[in-house]
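# Close look at the chain arrangement
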Amino acid sequence: MQKQSPAIIIVLLAALFLAILLVSFCMGRYEISIRKIINIFLSTMLPIEKDWPDTLETIIFKVRMPRIFGAALVGAALATAGAAYQGMFKNPLVSPDILGASSGAGLGAALAIFFSFGVLGIQLMSFALGLVAVLLAYAISLKVPRDRALALVLTGILIGTLFSSGTSLLKYLADPYDKLPTITFWLMGSLSTTSSKDVLIALFPILAGTAALFALRWRINVMSLSEDEARSLGVETGRIRFIAILGSTMMTSASVSISGLVGWIGLLIPHVARLLVGPDFRMLLPASGILGAAYLILVDAMARSVSSVEIPLGVLTSIIGAPFFLLLLSRQKGGWQ
């Protein structure tokens, strides 16, 4: 059987994403049929006679739409950033939080909750501390004269551990009846309170980071070679690595600022995308983004449907991701590229 071209696979993935997007509007504690979903959307453009209560439109446009679009945005951003990180460091076990972005964002949110900031303050603190953590790790790694990539990973792990310790300290000091449950629930990951404003706030840094990665996509392909080979082809490895890391960190921090800590997407989804379209980043980045968006929409729909109490996203992604990743590793043949 002839293998399909990567472009056709991406088209099929986009069709799958649209199907999952439509079905996700039907799922929840208040089930709505697909026919009514389609009719309600068409009624915004065509003169269709209404045979549904206004409550359904409120549920779809005010409750589910911001949450579903937020899940798509976060899933696409984390998966795309994960693919870029894995390519930059030539390591399939690298994920967007390897340089401390998630730990920094978690500390920023915990600080904002501890000092009783509003929702916007939590998002801004989370985004800012995520960037600070990675920039700090990058600045420290520049002091190491040899093997900058390895030094960056090690300093990222150290900075991440330091920021995680700060979060643990805040949880210990927080009011156990008010702020501690809020911090704990936020760190587990959720989109239950996501609004259209939240999605718009995260949209701009995520689009900026995505644009940077797509502009560098062929150079990231070259970065899979050794440092000397990449330089001989005219690629400034240090500058390209910094821009790619900055773009990926912006995407990760913005995602974490509205969803909390949602793990495994940036580690798992790029592997699946690589199996489908290959290692070429011109195809891998869009495939990862589409798959990540579809995956998190589906997980979020499960989170609000499978139980009377909503399950945190971070818990579900770990339950699904860990065994699936082990299955992928057991079936992997040859190198990861």
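In what follows, the accompanying structure is described. What you see is a predicted model, and the numbers here were worked out from it, not measured in a lab.

To continue, consider the nonpolar core. Judged by nonpolar contacts, the single largest core of 79 residues is most densely connected at Phe89, Leu99, Ile245, Ile265, Leu296 and Ile297. A per-element tally of this core places helix H3 (residues 54–89) first, with 17 residues. Excluding anything up to four places from it in sequence, Ile265 contacts Gly75, Leu78, Ala79, Pro270, Tyr295 and Leu296. Core analysis: the second largest hydrophobic core is formed by 18 residues, Leu107, Ala109, Ile183 and Trp186 among them.

Turning next to the pattern of salt bridges. Scanning the model with the defined rule gives six salt bridges in all. With a shortest N-O distance of 2.6 Å, Asp54 and Lys50 are connected by a salt bridge. A residue is classified by how much of its surface remains accessible, and Asp54, at 51% relative accessible area, is exposed. Residue Lys50 is classed as partly exposed on the basis of its relative accessible area of 42%.

Turning our attention to helix H7 (residues 179–188). Those residues of H7 that sit buried are Lys179, Ile183, Trp186 and Leu187. One face of H7 carries all of its buried residues, which in axial projection span an arc of 95 degrees. Residues of H7 that are buried sit in contact with helix H4 (101–114), helix H5 (119–141), helix H6 (148–173) and helix H11 (237–259). Two residues or fewer past H7, Gly189 is found with a positive phi of approximately 90 degrees.

Moving on, we come to the packing of aromatic side chains. What the rule picks out here adds up to five aromatic pairs. A ring pair is formed by Phe25 and Phe41, whose centres lie 5.2 Å apart and whose planes are at 85 degrees; its orientation type is edge-to-face. Taken together, the positions of Phe25 in helix H1 (residues 6–26) and Phe41 in helix H2 (residues 34–43) put the pair 16 residues apart, joining distant regions of the chain. Look at Phe25 and you get buried, because its relative accessible area is 3%. Each ring, one from Phe114 and one from Phe115, has its centre 5.2 Å from the other, and the planes form 85 degrees; the classification is edge-to-face. Members of the aromatic cluster, joined through ring pairs, are Phe25, Phe41 and Phe61.

Reading the values: the criteria
Position labels on residues start from 1 in each chain and follow its written sequence. Given that this is a predicted model, residues contribute local features only at a pLDDT of at least 70 and side-chain atom pairs are listed and counted only at 80 or more, while totals for whole chains, interfaces and linings are drawn from all residues. Just so you know, side-chain values use all the structure's heavy atoms and leave hydrogens and water out. In this description, a nonpolar core means a group of buried Ala, Val, Leu, Ile, Met, Phe, Trp, Tyr and Cys residues linked to one another through side-chain atoms lying within 4.5 Å. The rule is simple: take the accessible area with a 1.4 Å probe, protein chains only, and divide by the maximum for that residue type; under 20% is buried, over 50% is exposed, in between is partly exposed. Helix and strand assignments come from DSSP, with helices taken as H or I runs of at least 4 residues and strands as E runs of at least 2, each series counted from the N terminus. Pairs of residues are marked as contacts when any of their non-hydrogen atoms sit within 4.5 Å. By definition here, a salt bridge exists when the distance from a side-chain nitrogen of Lys or Arg to a carboxyl oxygen of Asp or Glu is within 4 Å. Here the arc refers to the set of directions running from the helix axis out to each C-beta atom. By convention, a stacked pair of Phe, Tyr or Trp rings (six-membered ring in the case of Trp) has centres within 6.5 Å and planes under 30 degrees apart, an edge-to-face pair has planes over 60 apart, and any other such pair is tilted.

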